[in-house]
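So the chains spell out like this:
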Amino acid sequence: MLTLYSYPTLFGVADNNGYGLKIYTFLKLAGVPFKHEHIFDASKAPRGQLPYITDGNDTVGDSETIIAY
């Protein structure tokens, strides 16, 4: 299953970062099943930035690249 890693919620919004919110919204609207993990440490991210996704052995960072994936 695809897992989205992003910053924690803020004021009831799914992510407190616009890029993470963009990916969260895209996955929801596209009907893609995913697990959402909120983290602070981005050291495991491909570019050292959030958001990123994992899908099996694949790890993808950057919001536009995630959407293309």
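Structural notes, computed from the coordinates.

### Digging into the overall build of the chain
At step 1: Scanning the chain for helices and strands turns up 2 helices and 4 strands.
At step 2: Reading the chain from its N terminus to its C terminus gives the helix and strand order β-α-β-β-β-α.
At step 3: Against the 2.2 N^0.38 benchmark of 11 Å for 69 residues, the chain shows a C-alpha radius of gyration of 11 Å, consistent with a compact globule.
At step 4: In terms of principal-axis extent, the alpha carbons of the chain reach across some 35 × 30 × 20 Å.
At step 5: The buried share of the chain, taken over its 69 residues, is 35%.
At step 6: Residue pairs in contact within the chain that sit at least 24 positions apart in sequence constitute 53% of those at least 6 positions apart.
At step 7: Roughly 4,300 Å² of accessible area belongs to the chain as shown, and the carbon and sulfur atoms make up 53% of that amount.
At step 8: Once the 5 positive and 7 negative side-chain charges of the chain are each reduced to a mean point, those two points are 3 Å apart.

### Remarks on the pairing of strand S2 (residues 34–38)
At step 1: The sheet contact formed by strand S1 (residues 2–6) and S2 spans 5 bridges and is parallel. Pairing of Leu 4 across the sheet is with His 36, part of S2.
At step 2: Handedness of the S1-helix H1 (residues 18–30)-S2 crossover: right-handed.

### Description of the packing of aromatic side chains
A ring pair, where both rings are aromatic, is described by two values, the distance of the centres and the angle of the planes.
At step 1: Enumeration over the complete set of coordinates arrives at 2 aromatic pairs.
At step 2: Between the aromatic rings of Tyr 5 and Tyr 52, the centroid separation amounts to 4.8 Å while the plane-to-plane angle is 15°, which identifies the pairing as stacked. On the criterion of sequence distance, the pair formed by Tyr 5 in strand S1 and Tyr 52 in strand S3 (residues 52–55) is long-range, its members being 47 residues apart. Like Tyr 52, Tyr 5 is buried.
At step 3: Geometrically, the ring pair formed by Tyr 24 and Phe 34 is edge-to-face, given 5.7 Å between the ring centres and 85° between the ring planes. Of the two residues, Tyr 24 sits in helix H1 while Phe 34 sits in strand S2, which places them 10 residues apart along the sequence.
At step 4: With a relative accessible area of 21%, Tyr 24 lands in the partly exposed category.

Reading guide: rules and limits
Residues numbered from 1 in each chain as written. Predicted model: local features only at pLDDT ≥ 70, side-chain atom pairs only at ≥ 80, totals over all residues. Heavy atoms only, no water. Helix = DSSP H or I, 4+ residues; strand = E, 2+ residues; numbered from the N terminus. Rg over C-alpha atoms; globule rule 2.2 N^0.38 Å. Buried < 20%, exposed > 50% of the residue type's maximum accessible area, 1.4 Å probe, protein only. Contact = heavy atoms within 4.5 Å. Areas by Shrake-Rupley, 256 points an atom, 1.4 Å probe, with all protein chains shown as cover. Lys, Arg positive; Asp, Glu negative; His and termini not counted. Charge placed at Lys NZ, Arg CZ, Asp CG, Glu CD. Pairing = 2+ DSSP bridges. Right-handed = clockwise from strand over helix to strand, strands pointing away. Phe/Tyr/Trp six-rings, centres within 6.5 Å; stacked < 30°, edge-to-face > 60°.

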